[in-house]
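# Chain and residue survey
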Amino acid sequence: MAGSPPPAEEVPMAPGFRFHPTDEELVSYYLRRRVLGRRLRIDAIAEVDLYRLEPWDLPPLSRIRSRDAQWYFFARLDRKVAGAGAGGRGGPGNRTNRATPRGYWKTTGKDREVFHRGRAVGMKKTLVFHAGRAPKG
């Protein structure tokens, strides 16, 4: 991404410190600055090709090393190849390709809005990994 800070190495955390930004902070600070090409005080979130990775591949890619079972990454959407759809709506080009070599990521639950100063600024999705191929994964 143009204007982004150079890739950072692992960010060491002193004992007792945690990286647990709120959804609002993730969108209104980290993602916003990333999209605008602005520097981050601490480059704590790596960019990965999430939809090509299995869940067990993620922990070593995190820039924040901790014992927490929660990691933060920037990932671009990977759309399926455009195809015939009802007037361009609902066709394959409008769906996210979440297939990995050994399974697929599937959304679960309802999308939740992320608010900043009372205004919706993003959506939060929960993804669950299923081994194998849909629909039998």
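Up top you'll find the structure we're talking about.
Below you will find a few notes about this structure. (Residues numbered from 1 in each chain as written. Predicted model: local features only at pLDDT ≥ 70, side-chain atom pairs only at ≥ 80, totals over all residues. Heavy atoms only, no water.)

One finds F19, Y30, L40, A44, I45, I64, Y72 and F74 forming the largest nonpolar core, which totals eight residues. Excluding residues that lie within four positions of it along the chain, Y72 makes contacts with F19, H20, P21, L26, I45 and A46. (Core = buried A, V, L, I, M, F, W, Y, C linked by side-chain atoms within 4.5 Å. Buried < 20%, exposed > 50% of the residue type's maximum accessible area, 1.4 Å probe, protein only. Contact = heavy atoms within 4.5 Å.)

Moving on, we get to the side chain of D43. Relative to the helices and strands, D43 resides in the loop between α1 (23-36) and β1 (46-47). Residue D43 is classed as buried on the basis of its relative accessible area of 10%. (Helix = DSSP H or I, 4+ residues; strand = E, 2+ residues; numbered from the N terminus.)

Another aspect to go through is the packing of aromatic side chains. A complete count under the given rule lists five aromatic pairs for this structure. Taking the centre distance of 5.6 Å and the plane angle of 80° together, the rings of F19 and Y30 count as edge-to-face. Within this pair, whereas F19 is found in the segment before α1, its partner Y30 is found in helix α1, the two being separated by eleven residues in sequence. Comparing F19 with Y30, the two get one shared label, buried. Aromatic side chains F19 and Y72 sit 5.3 Å apart centroid to centroid with 90° between the ring planes, which places their arrangement in the edge-to-face category. (Phe/Tyr/Trp six-rings, centres within 6.5 Å; stacked < 30°, edge-to-face > 60°.)

Right, let's talk about the pairing of strand β4 (residues 119-131) for a bit. Pairing of strand β3 (residues 103-116) with β4, which is carried by eleven bridges, proceeds in the antiparallel orientation. Paired with W105 across the strands is F129, a residue of β4. If you look at the hairpin formed by β3 and β4, you'll find two residues sitting between the two strands, and R117 has a positive phi there, around 55°. (Pairing = 2+ DSSP bridges.)

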